[in-house]
Amino acid sequence: MDWRSLDETYVISTYKRLPIAIAKGEGNYLVDTNGKTYLDLFTGLAVNILGHSHPHILRTLHEQADQFLHISNIFLNPPAIRLAQRLVENSIQGKVFFTNSGAEATEAAIKLIHKWLVKHQPEREGIVVLKSSFHGRTLGALRLTRQAHVYQDFPAPSFTVYEVEAGSAEQLRELCRTKKPAAVLMEPVLGSGGVIPLSESYLQEVAAICQQEGILLGIDEIQTGMGRTGRFFAYQHAGITPDLILFAKGVGGGLPLGGLIAGPKLMDLFQPGDHGTTFAPSPLSAALGNAVLDVVLDESFSAEVNEKIAYLWQQLSSIRDNHPDKVQQVRGKGMMVGIPLNAAAEKVSELQRNLLAEEILVDVTQKTIVRLLPPLTISKAEIDRFIERFGQALAGWEA
Ligand SMILES: *Cc1c(COP(=O)(O)O)cnc(C)c1O
């Protein structure tokens, strides 16, 4: 079957695709329709956080499928209630609203922040976000996404948005001197913006400013959550307490699921009828969410992940040291790595395809940044294999 030409004929091309069709996922690997196997360091863009076909995920999937697939929000949904409880118990005091995706989580946050400011802070307006942020592609979320090639000239909803530089608490302070924003929303590691980690001290300063000014602090953990950076949520490294946490991607164990955790200031603002969705939370997704949490919250699992994170970063430094002309930097946090290269976009795509030929799947973001989002289940031997083949590919590549 010529999947490529069928795809070009029948599917709107909003993604530049790699030239492989996937037949199967097995553990930390993907198998294509020609039987070639790839070490998956992309994990469906941080979704398959436990790799593919994880036995606990599959068992849970079958058990829940035998019960019910969909019921509607007019009923109590036990798997979702249990998941909400566990998300809260492992983050902030609060309540959960579930969605099907990350963008919908951002949309819900925009409405919730609006409710809060109308009720409690009518003199405030606007949400502060970071330059190069990504919070989703629906029109509301797009307004908070500060990447010109993403927001383009699409129509923008009229609420106020302020943009500040990531890492500059002074800019946020200055903004608060002249304007009266209602909320700050930031990714603890900017993902598609180029894998830019925010320092713990910066996050602490931002939290302090929000506290002093009486502004809501929202953290977008859609990509960084579920243990990806070595803590359940990445903001927890900084020891801060946000008012709002967005989650999605890895939480559904491969099925669509997202949502927000609203802290005490926000958790009782939505009343029946204020917001809703037909599908979310899918009982199937919620059951898988519980299965993901069973694994990532296990202390020995997370200790092992942190050991592998230390190992990965130790090995990555050799990549930078051995190729200083090609590799600008290795940055990120935990199992979220960005490697900006000194090369044109086409050359970086070529390197990505060379790695694919060597059975290693990596992502590229912002055209020239190799991005790794390995499964938390990756082994040290697989890290070694990646480092070896990436090193060879860099050596044999003219930037
Ligand atoms: C992926 C992502 C989103 C959007 O999630 P979708 O499920 O694609 O709508 C929002 N914020 C961050 C940080 C993301 O990485």
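Residues numbered from 1 in each chain as written. Predicted model: local features only at pLDDT ≥ 70, side-chain atom pairs only at ≥ 80, totals over all residues. Heavy atoms only, no water.

Within an unreviewed UniProt entry, the label attached to the chain reads Acetylornithine aminotransferase, and the organism entered is Brevibacillus fulvus. According to the UniProt record, the Sequence similarities (unreviewed entry) comment for the chain reads "Belongs to the class-III pyridoxal-phosphate-dependent aminotransferase family." Its UniProt record gives the chain the following Cofactor (unreviewed entry) comment, quoted word for word: "pyridoxal 5'-phosphate". (UniProt positions renumbered as here; feature names shortened; annotations may be inferred.)

Some words on the sheet that holds strand 14 (residues 337-340)
What the four strands build is an open sheet, ordered 13-14-17-16; its pairing is antiparallel. One side of each edge strand has no neighbouring strand; the edge strands of this open sheet are strand 13 (331-332) and strand 16 (363-365). Taken together, the three bridges between strand 16 and strand 17 (residues 369-372) define a ladder with antiparallel strand orientation. Paired with Val364 across the strands is Val370, a residue of strand 17. Contacts from helix 11 (residues 299-322) reach strand 13, strand 14 and strand 17 within the one sheet, and its direction differs from that of strand 14 by about 5°. (Pairing = 2+ DSSP bridges. Helix = DSSP H or I, 4+ residues; strand = E, 2+ residues; numbered from the N terminus. Contact = heavy atoms within 4.5 Å. Axes fitted to C-alpha atoms, helices over the stretch in contact; angles between N-to-C directions.)

Structural notes on the site of the ligand
In the vicinity of the ligand, the contacting residues are Ser101, Gly102, Ala103, Phe134, His135, Gly136, Glu187, Asp220, Ile222, Gln223 and Lys249. The backbone of Gly102 places a nitrogen or oxygen atom 2.8 Å from an oxygen atom of the ligand. Note that a nitrogen atom of the ligand is positioned 2.8 Å from one of the side-chain N or O atoms of Asp220. When the ligand is considered free in solution it has 380 Å² of accessible area, and contact with the protein chains removes 80% of it. A per-class count over the shell around the ligand returns three nonpolar, five polar and three charged. (Near = heavy atom within 4 Å. Polar contact = N/O pair within 3.5 Å; in protein donor to acceptor, adjacent residues only side chain to side chain. Areas by Shrake-Rupley, 256 points an atom, 1.4 Å probe, with all protein chains shown as cover. Nonpolar A, V, L, I, M, F, W, Y, C, P; charged D, E, K, R; others polar.)

Observations regarding the nonpolar core
Within the largest apolar cluster, 82 residues are counted, with the highest numbers of intra-cluster contacts made by Ile339 and Phe386. Looking at which domains feed residues into this core, each of domain 1 (3-55 + 299-395) and domain 2 (57-296) supplies at least three. With residues up to four places along the chain from it excluded, the contact list for Ile339 reads Leu316, Val327, Gln329, Val330, Thr368, Ile369, Val370, Leu372 and Phe390. Core analysis: the second largest hydrophobic core is formed by 25 residues, Trp116, Ile127, Ala182 and Leu269 among them. (Core = buried A, V, L, I, M, F, W, Y, C linked by side-chain atoms within 4.5 Å. Buried < 20%, exposed > 50% of the residue type's maximum accessible area, 1.4 Å probe, protein only. Domains from an automatic or database assignment.)

Some points on the packing of aromatic side chains
Evaluation of the coordinates by the stated rule reveals five aromatic pairs. Taking the centre distance of 6.1 Å and the plane angle of 80° together, the rings of Phe98 and Phe247 count as edge-to-face. With a gap of 149 residues between them, Phe98 in strand 4 (residues 95-99) and Phe247 in strand 11 (residues 244-247) connect regions that are remote in the sequence. On the basis of relative accessibility, which here comes to 8%, the residue Phe98 falls in the buried class. Exposure remark for Phe247: the relative accessible area of 1% places this residue in the buried category. Ring centres of Phe386 and Phe390 lie 5.1 Å apart, and the angle between their planes is 15°; this geometry places the pair in the stacked category. Of this pair, Phe386 and Phe390 both sit in helix 13 (residues 380-395), four residues apart, roughly one helical turn. Taken as a pair, Phe386 and Phe390 share a single burial class, namely buried. Following the ring pairs from residue to residue traces out a cluster consisting of Phe232, Phe233 and Tyr235. (Phe/Tyr/Trp six-rings, centres within 6.5 Å; stacked < 30°, edge-to-face > 60°.)

Describing the domain arrangement of the chain
What the domain assignment lists for the chain is domain 1 (3-55 + 299-395) and domain 2 (57-296). Here the C-alpha centre of domain 2 lies 26 Å away from the C-alpha centre of domain 1. The interface is formed by 30 residues belonging to domain 1 together with 29 residues belonging to domain 2. Between domain 1 and domain 2, a total of about 2,500 Å² is buried, with carbon and sulfur atoms accounting for 62% of that surface. The largest per-residue losses of area from domain 1 upon contact with domain 2 belong to Ile49, Lys333 and Met336, which jointly make up 25% of the total buried on that side. Counting across the interface, domain 1 meets domain 2 through one salt bridge. Inspection of the region where domain 1 meets domain 2 yields 15 residue pairs in polar contact (both at pLDDT 80 or more). The greatest single-element share of the side of domain 1 that touches domain 2, amounting to five residues, is contributed by helix 11. Class assignment of the residues belonging to the side of domain 1 that touches domain 2 gives a composition of 16 nonpolar, eleven polar and three charged. (Buried area = accessible area lost by both parts, 1.4 Å probe. Salt bridge = Lys/Arg side-chain N within 4 Å of Asp/Glu carboxyl O.)

Section: the packing of helix 11 against helix 13
Contact geometry for helix 11 and helix 13: axes closest at 10 Å, N-to-C directions at 15°. As the angle between them shows, helix 11 and helix 13 are arranged roughly parallel. In this structure, helix 11 crosses over helix 13, and the sense of that crossing is right-handed. Counted together, Glu307, Lys308, Tyr311, Leu312, Gln315, Leu316, Ser318 and Ile319 of helix 11 and Lys380, Ile383, Asp384, Phe386, Ile387, Phe390, Gly391 and Leu394 of helix 13 form the full contact between these two elements. A class-by-class count of the residues in the contact of helix 11 with helix 13 yields nine nonpolar, three polar and four charged. (Parallel < 35°, antiparallel > 145°, perpendicular 65-115°, else oblique. Left-handed = near helix turned anticlockwise from the far one by under 90°.)

Here's the deal with the environment of Glu63
Counting through the fold element by element, Glu63 comes out in helix 3 (residues 55-67). You can call Glu63 partly exposed: its relative accessible area is 49%. Residues Glu63 and Leu356, spaced 293 residues apart in sequence, show a C-alpha to C-alpha distance of 36 Å.

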